[in-house]
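The primary structure of each chain is shown beneath.
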Amino acid sequence: MNATRLAGPLCVLLLSACQHSSERAERKPTAPVKLTLETRSLGNGDHELTLTATTTAALDSLVLKTGEIVKEFTTLENGATRTIRARVHIRDGEGQEVTGTARTVKGERQRSAVTAIWLGVKPPEQPTTVIPLPDGEKAEEVRE
Amino acid sequence: MNRLFIIAALAALSACECGKPTGNNTGGGGGGLVFPSGGGSAISGGGTGATGGGNGAVGGGDGTGGGTSATGGGTSATGGGTSATGGGTSATGGGTSATGGGTSATGGGTSATGGGTSATGGGANATGGGTNATGGGTGATDGGVSNACPGLGPVNACAGSVLSYCVNGTVTQLDCATASQSCAFSSAANQYACVASTSQFIVSGTVTYEDRAPIASENGGLASSAPLPVRGAEVSVIQGTTTVLATANTANDGSYVLRYTATAGATVHISVTARSQLAARALSVRRANNNNLHAFGGADFSATATATQNVEVTYSSNEAEAFNIFDQGILAFDWLHDRLNIAAPTALTLRWHRNNNDGTYYQDNEIFLLGPLSDDDGYDDTVILHEIGHHIEDAIGRSDSPGGDHAFEPVDPRLAWSEGFSTWFALSMRKSPWYSDTDVNGGWGWEYDDSVSTFDGGTLAGDISEDVVTELLWDLSDTDQSETSQLVTDDSFAAALRVQPDYLRTATLRNVGTPGVDLVDFLDGWFVLNTTSSCTWVETLTTRHTFPYDFNAPNAACP
């Protein structure tokens, strides 16, 4: 199974910087930006990465990075959208986690956000042993 | 009667397991510890199952009854004479002037003092108070865990044959060998204690995990790995791959001493599980995808009379972070126990595994934490403690937060209060003003002591930044009320945190701002609980953050 077959001819994956299963979840503090990372297979193991950032506050600076591409944007209004694109190559039979990151600056405050997608073959699951405990619970044990 | 008791006590002496004096406090008296005890006048020592007890009896096994001036008392001891002292697990009854008291002690005589965890009843003039103490006679006072031993924790510890246990806030040591006993894990009720030397096998050692501490920096990052003790986790002897032979809890220094029975030479190993079933540490760390508890197994060894097995939970196993998450829970729950006398916080489940991508958030007594290498929160102590702070709100205080995304921009006052409080809780737990959230590029950090965020929401109902809340709380709970940079202490932190259970939990709020708990209500509670002596200092703080608090707390308005 190679990366191209996994990704499909036009497989667009979307992941937000924060994924939550509940509307009322009490979430951790974040950077004032929402990220989406899309991937598109270009064939022969090549993939195009599209990182889109939408600010949730006015910012002095926004630095986006995906693949080998890094770009800084300055003086952004709340709700501004910025996009960068990059290419990555995944060898046949291999896999890689690709990331899109943002560093925001407002006044003296810096924060960062990350979103990631796995491309290609995932690493094997770690072997574990499930131990039934006397109270009916299960412990999943890793040994080295 | 006394003769019968003496006979029974002596007969049971060899079987007695010598335990820690577990009494922490109030309410009921009577009952005794699991020290060798007995019965008649001037008789000391006594075994399990001893009944009755004469005047002046000292100690007491798992017995019933108790004479005048009886001291000590065993597990499940019932009855208790005048001036009885000590108290065992599940002790019931208690005579006049009974003192001490064990876990689950019930009853209690006139003027009973002391009392164990979950003590109920209590005679007239009872003083002290156990965790969850209920009832109480005329003149009964307070309750709590004022005599906890923070460094030791609730599990006790063994060092060779020497048992360390807590008595009235002092770590006390007892050489079990002097009674021809061993120091080892006894039971869930007694934890580490002096136990009878038997033909069982014993394995001991220390369990550690590879920790990576967050760096205090605006660019985030983690320090190099260093081992920390796995404290309070379950540690088991496993035969083959899945058969549990015996289970204990690790002590606060990560040590354990386990007794087990197996065929000599059988292949066994030590497995440590990220869970505690103690009421004071009702914590578990589970995988987010299948509910299984995190566990790590050590090397195989052959069952033999005595063995030493140290276990280090490695980073490469993808389990070390689960034990770091567990340790943050222990830190928070022990603090609640030791400083706010909360012995049994609502149980908390923390969910994490490598590559868990379900976000980091708290909901309904559960915390989910990110696990991808790109944004792994398993070592982000302040992130973990921030989410535990939300649990604390739920468990002992009140939150009306609508939830939702938040950075440092002004948001709904209820959301800002809940988030700012939780960040302050995290910082105070670590006694450091640095918050950090690491990721693949280092992450970010922020120092809350010297920073000054300002409110520009207009009225008290206006949107506010959570950073205003965190910074104001941090300054309010400084060790002194001055402009100089100060760190919080346990006492100053407790004075501010106490507003949650003692005011916000039950008070009828003024709701001069947004309906529901927000910074205004906290400040009201601060003045209600701490008087108006700090009016000038709080005015300095609210002015610094341009927050228009009206200083009109119910029955505690500033002049």
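Residues numbered from 1 in each chain as written. Chains lettered and ligands numbered in written order. Predicted model: local features only at pLDDT ≥ 70, side-chain atom pairs only at ≥ 80, totals over all residues. Heavy atoms only, no water.

Turning our eyes to something else, we now look at the overall build of chain A. When helices and strands are tallied, chain A shows one helix and ten strands. Reading chain A from its N end, one meets helices and strands in the order α-β-β-β-β-β-β-β-β-β-β. When the 144 residues of chain A are sorted by exposure, 46% land in the buried category. Taking the intrachain contacts of chain A between residues at least 6 apart in sequence as the baseline, contacts between residues at least 24 apart amount to 50%. For chain A, the computed accessible surface area is about 7,500 Å², with 48% contributed by carbon and sulfur atoms. (Helix = DSSP H or I, 4+ residues; strand = E, 2+ residues; numbered from the N terminus. Buried < 20%, exposed > 50% of the residue type's maximum accessible area, 1.4 Å probe, protein only. Contact = heavy atoms within 4.5 Å. Areas by Shrake-Rupley, 256 points an atom, 1.4 Å probe, with all protein chains shown as cover.)

Once that is clear, we can look at the interface of chain A and chain B. When the parts of a complex come together, some accessible area is lost, and that lost area is often taken as the interface size. Contacts between the two partners involve 48 residues from chain A, matched on the other side by 71 residues from chain B. Buried surface at the junction of chain A and chain B, summed over both partners, amounts to about 4,800 Å²; 42% is from carbon and sulfur atoms. Among the residues of chain A in contact with chain B, E26, K28 and R109 of chain A are the three that bury the most area, contributing 16% of the side total. Along the contact surface separating chain A from chain B lie 13 salt bridges. Linking chain A with chain B are 37 residue pairs in polar contact (both at pLDDT 80 or more). Elements with a minimum of two residues in the side of chain A that touches chain B: β1 (26-27), β7 (95-106), β8 (109-120), β9 (129-132) and β10 (138-143) of chain A. (Buried area = accessible area lost by both parts, 1.4 Å probe. Salt bridge = Lys/Arg side-chain N within 4 Å of Asp/Glu carboxyl O. Polar contact = N/O pair within 3.5 Å; in protein donor to acceptor, adjacent residues only side chain to side chain.)

Take the environment of P132 of chain A next. Here P132 of chain A shows up in strand β9. C-alpha separation for the pair P132 of chain A and A57 of chain A, spaced 75 residues apart in sequence, amounts to 50 Å. Every residue in contact with P132 of chain A, bar those within four places of it in the chain, is listed here: E137 of chain A together with T242 and V244 of chain B.

Here we take up the pattern of salt bridges. Tallying each qualifying case throughout the model produces 31 salt bridges over all chains. With its nearest N and O atoms 2.8 Å apart, the salt bridge here joins R109 of chain A to D467 of chain B. Separated into two different chains, R109 of chain A in strand β8 and D467 of chain B in helix α5 (residues 466-476) make up a pair that spans both. Of the two residues examined, R109 of chain A and D467 of chain B, each falls in the buried class. The shortest N-O distance in the salt bridge between R414 of chain B and D412 of chain B comes to 2.8 Å.

Further remarks concern the state of the cysteines. Residues and elements named next belong to chain B. In this structure the tally under the stated criterion is four disulfides over all chains. Covalent S-S linkage joins C149 and C166, the inter-sulfur distance amounting to 2.1 Å. Disulfide C149-C166: torsion about the S-S bond near 80 degrees, hence right-handed. With a gap of 17 residues between them, C149 in the loop between α1 (2-13) and β1 (157-159) and C166 in strand β2 (residues 162-167) connect regions that are remote in the sequence. (Disulfide = S-S within 2.5 Å.)

Residue and element names in this part refer to chain B. Along its sequence, chain B is organised into domain 1 (95-320) and domain 2 (358-544). Listed per partner, the contact involves 15 residues of domain 1 and 14 residues of domain 2. Linking domain 1 to domain 2 there are zero salt bridges. Applying the counting criterion to the domain 1 and domain 2 interface returns four residue pairs in polar contact (both at pLDDT 80 or more). (Domains from an automatic or database assignment.)

What follows deals with unusual backbone geometry. It is generally the case that most residues other than glycine have a negative phi and that most peptide bonds are trans. Residue and element names in this part refer to chain A. Its identity as a non-glycine residue notwithstanding, N44 has a phi of 60 degrees, on the positive side. Residue position: N44 is located in the loop between β2 (33-43) and β3 (46-55). Residue classification places N44 among the exposed residues on the basis of a relative accessible area of 71%.

When you tally the buried positions in α5 of chain B, you get eleven out of eleven residues, the bulk of the element. Taken together, the buried positions of α5 of chain B are occupied by E466, D467, V468, V469, T470, E471, L472, L473, W474, D475 and L476 of chain B. For α5 of chain B, the secondary structure elements touched by its buried residues are β8 of chain A together with α4 (413-430), β22 (444-447), α8 (519-530) and α9 (535-544) of chain B. Its side-chain oxygen at 3.0 Å from the backbone nitrogen of D467 of chain B, S465 of chain B defines the N-terminal cap of α5 of chain B.

Residue and element names in this part refer to chain B. Along the chain, A307 falls in strand β16 (residues 306-308). Residue A307 is classed as buried on the basis of its relative accessible area, which comes to 15%. Residues A307 and V237, spaced 70 residues apart in sequence, show a C-alpha to C-alpha distance of 12 Å. Excluding residues within four positions of it along the chain, A307 makes contact with I202, V203, S204 and F301.

The next point concerns the packing of α5 of chain B against α9 of chain B. Residue and element names in this part refer to chain B. At their nearest, the axes of α5 and α9 sit 10 Å apart, and the two run at 155 degrees to each other. Judged on the interaxial angle alone, α9 and α5 are roughly antiparallel. Every pair of crossing elements has a handedness; the one defined by α5 and α9 is right-handed. Residues L472, D475 and L476 of α5 form the contact with α9, whose participating residues are W537, V538, L541, T542 and R544. Broken down by class, the residue content of the contact of α5 with α9 amounts to five nonpolar, one polar and two charged. (Axes fitted to C-alpha atoms, helices over the stretch in contact; angles between N-to-C directions. Parallel < 35°, antiparallel > 145°, perpendicular 65-115°, else oblique. Left-handed = near helix turned anticlockwise from the far one by under 90°. Nonpolar A, V, L, I, M, F, W, Y, C, P; charged D, E, K, R; others polar.)

Further remarks concern the sheet that holds β2 of chain B. All names here are of chain B. Taken together, three strands build an open sheet; the order of strands is β1-β2-β3 and the sheet is antiparallel. Strands at the two margins of the open sheet, each flanked by one partner only, are β1 and β3 (170-175). Adjacent strand axes in the sheet meet at a mean angle of 30 degrees when their direction is disregarded. As defined by bridge partners, β2 adjoins β3 across six bridges and the pair is classed as antiparallel. Among the inter-strand pairings, V162 is bridged to a residue of β3, identified as D175. (Pairing = 2+ DSSP bridges.)

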